[in-house]
Amino acid sequence: MTEPRSLDLIKKLIAFDTTSRESNLGLITFIQEYLSGHGVESMLVHSEDGTKANLYATLGEKEKSGVMLSGHTDVVPVDGQAWDTDPFEVTEKDGNLYGRGTADMKSFIAVALAFVPEFLKRGLKTPVHLAFSYDEEVGCIGVRRLIDKLKDMPVKPAMCIVGEPTSMQVVTGHKGKRSFVANVGGLEAHSALAPHGVNAVEYAAELITYLKNMARRFEAEGPYDELYEVTHSTVHTGVVAGGVQLNIVPKSCRVEFEFRYLAIDDPDALEAEIRDYAAATLEPMMKAVSAEAGIDIECVNDMPGLEMDPGEDVVAFVKALAGRNDHAKVAFGTEAGLFHTSAGIPTVVCGPGDIAVAHKPNEYISLEQITKAEDFMRRLADEVCGG
Ligand SMILES: [Zn+2]
């Protein structure tokens, strides 16, 4: 096998520790300099504190709308993971490249960058836009600032390909996610006088039970989408913390929960249902004992799902680039839902690498997947270039 043209760039990008808690500016500056070396200007959209940035660049005419290639530059932590190699140095072994971010998702970014010289040399009749974000792994935070800018641009990209690891499958959908913290506030009392207090842990338990019954309802009654591994919307409680000692009626309890919903389910309606239950059923009982008691529910993250009609141009276009006719939906969330929902850009997800090895020790990508991604990029060049 000949060495992939993106190999050197993959190695360079992996060597930047862009764990979400760290700055990504070293990597962004590297890309900016690489692009400017080819005569391409970049626009940076920084985080509020200036320690991170999104990068946006257009190859070809800025006045025309084109195809956007998008990826996140951050990676998940390696803390506590038993790696056999240095996660921030690419190790090639048995046809695989090992390193944090090889699959998720620096290889796609490297492949896109490796084709910049070819795009420019062949001359673009349709522009290619590059959009690289920060803080995707902590709730798709960074890209929202870039999308705010994109929305105001006179010419927006006509379509977007998010290169998350799908093993080069064409992905037209993923679920949306909304996550919450509920702070249940009660009233302390000696447990011998339990009815004089408001037991925050018990009210939290009633809230959790209500959520569990919603989950059972989704499972039993649907709606269903057979393209998903879990075919219905889900509700899940992940953290509960409350109480100090058995003989004290607990004053507070904290509950973290989330919905992962199909496009057909309305997240506002799901959220309203749980808020109504807390406000109309639980709080009156709590306030009958103490006016200060109550349940405060805060939405901490809201990630829209992706649901592209398979008849959309972007789907046929990306199928042709990937050399396949099928499409799929995936369990994991991506920035694609935001690009489509918030910026109005038709978007699909398609990129090299297997999501099953992402976020784990010894994350890798096969050279075969890199080759497929390069073939994809070559076909894109055939589509967007004149010569
Ligand atoms: Zn990712």
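Residues numbered from 1 in each chain as written. Predicted model: local features only at pLDDT ≥ 70, side-chain atom pairs only at ≥ 80, totals over all residues. Heavy atoms only, no water.

### Let's talk about the overall build of the protein chain
What the protein chain contains, in helices and strands, is 10 helices and 18 strands. Considering only C-alpha atoms, the protein chain reaches an extent of 80 × 45 × 40 Å along its principal axes. When the 387 residues of the protein chain are sorted by exposure, 52% land in the buried category. The contacts in the protein chain between residues at least 6 apart in sequence include a share of 80% that link residues at least 24 apart. Here the protein chain displays about 16,700 Å² of accessible surface, and carbon together with sulfur accounts for 50% of that area. Separation of charge centres in the protein chain, based on 36 positive and 59 negative side chains, amounts to 3 Å. (Helix = DSSP H or I, 4+ residues; strand = E, 2+ residues; numbered from the N terminus. Buried < 20%, exposed > 50% of the residue type's maximum accessible area, 1.4 Å probe, protein only. Contact = heavy atoms within 4.5 Å. Areas by Shrake-Rupley, 256 points an atom, 1.4 Å probe, with all protein chains shown as cover. Lys, Arg positive; Asp, Glu negative; His and termini not counted. Charge placed at Lys NZ, Arg CZ, Asp CG, Glu CD.)

### Let's talk about the pairing of strand β9 (residues 176-185)
Across a regular strand the side chains alternate sides, sitting on one face of the sheet and then on the other. Within β9, seven of the 10 residues are buried, which leaves it mostly tucked inside the rest of the structure. Relative to strand β13 (residues 252-261), β9 runs antiparallel, the two being bridged by 10 bridges. Among the inter-strand pairings, Val-181 is bridged to a residue of β13, identified as Glu-256. Pairing between β9 and strand β14 (residues 294-303): nine bridges, direction antiparallel. Residue pairing in the sheet places Ser-179 in a bridge with Asn-301 of β14. (Pairing = 2+ DSSP bridges.)

### Considering the coordination of the zinc ion
Around the zinc ion, the protein supplies His-72 (NE2), Asp-104 (OD), Glu-164 (OE) and Glu-164 (OE) as donor atoms, at distances of 1.9 to 2.6 Å. Around the zinc ion sit four donor atoms; with metal-centred angles ranging over 53 to 138 degrees, the donor geometry is irregular. When the donors of the zinc ion are listed by position in the chain, the intervening gaps give H-x31-D-x59-E. Taken together, the residues Asp-104 in helix α3 (residues 102-114) and Glu-164 in the loop between β7 (159-162) and β8 (171-174) connect sequence positions 60 residues apart. Across the pair, exposure class does not vary: Asp-104 and Glu-164 are buried alike. (Donors = N, O, S within 2.8 Å, 3.2 Å for Na, K, Ca; no water. Tetrahedral: all angles 85-135°; square planar, octahedral: opposite > 155°, others 65-115°.)

### Comments concerning the packing of aromatic side chains
For the coordinates displayed, the defined rule picks out six aromatic pairs. Where Phe-257 meets Phe-259, the ring centres are 6.2 Å apart and the plane angle is 85 degrees; that geometry is what we call edge-to-face. Both residues of the pair, Phe-257 and Phe-259, count as buried. Put simply, the rings of Phe-180, Phe-257 and Phe-259 pair up and form one aromatic cluster. It is Arg-5 that lies over the ring of Phe-115; its NZ or CZ is 4.0 Å from the centre. Across the ring face of Tyr-228, the terminal group of Lys-175 is positioned such that the distance to the ring centre comes to 5.4 Å. (Phe/Tyr/Trp six-rings, centres within 6.5 Å; stacked < 30°, edge-to-face > 60°. Lys NZ or Arg CZ within 6 Å of the ring centre and 35° of its normal.)

### Focus on the sheet that holds strand β18 (residues 364-366)
A sheet is described by the order of its strands in space; here three strands give the open sequence β4-β5-β18, paired in antiparallel fashion. In this open sheet, the two strands that pair with only one neighbour each are β4 (91-93) and β18. The sheet shows a mean angle of 25 degrees between the axes of neighbouring strands, taken without regard to direction. Both β4 and strand β5 (residues 96-98) contribute to a ladder of three bridges, which runs antiparallel. Following the sheet pairing, Thr-91 is matched in β5 by Tyr-98. α3 contacts β5 and β18 of the sheet and is inclined by roughly 55 degrees relative to β18. Against the sheet, helix α10 (residues 367-384) engages β4, β5 and β18, with an angle of about 65 degrees to β18. (Axes fitted to C-alpha atoms, helices over the stretch in contact; angles between N-to-C directions.)

### Digging into the pairing of β8
With three bridges joining them, β8 and strand β16 (residues 328-330) adopt parallel strand pairing. If you follow Gly-173 over to β16, its bridge partner there is Lys-329. Relative to strand β15 (residues 306-307), β8 runs antiparallel, the two being bridged by two bridges. Counterpart to His-174 in the pairing with β15 is Leu-306.

### Quick word on the pattern of salt bridges
Oppositely charged side chains can pair when the atoms bearing their charge come close. All told, the structure shown has 24 salt bridges when counted by the stated rule. Between Glu-41 and Lys-62 there is a salt bridge, with its nearest N and O atoms 3.9 Å apart. One end of the pair, Glu-41, is in the loop between α2 (25-37) and β1 (42-46); the other, Lys-62, is in the loop between β2 (53-59) and β3 (67-72), with 21 residues separating them in the sequence. Taken together, the shared-partner salt bridges in this structure form one network comprising Arg-178, Asp-268, Glu-271, Arg-275 and Asp-302. (Salt bridge = Lys/Arg side-chain N within 4 Å of Asp/Glu carboxyl O.)

### Quick look at unusual backbone geometry
Of the consecutive residues Asp-104 and Met-105, the connecting peptide bond is found in the cis state with omega at -10 degrees. On the secondary structure map, Met-105 appears in helix α3. Of note, His-359 is a non-glycine position whose phi angle comes to about 70 degrees, a positive value. Within the secondary structure, His-359 is located in the loop between β17 (347-349) and β18. With a phi close to 60 degrees, Asn-362 is a non-glycine residue in the positive phi region. Along the chain, the position of Asn-362 falls in the loop between β17 and β18.

### Describing the nonpolar core
Membership of the largest hydrophobic core comes to 80 residues, with the highest contact counts inside it found for Ile-31, Leu-35 and Phe-119. Residue contacts for Leu-35: discarding those within four places in its chain leaves Val-40, Ser-42, Leu-55, Ala-57, Leu-113, Val-116 and Leu-130. Tyr-203, Val-255, Ala-278 and Met-286 belong to the second largest nonpolar core, which has 27 residues in total. (Core = buried A, V, L, I, M, F, W, Y, C linked by side-chain atoms within 4.5 Å.)

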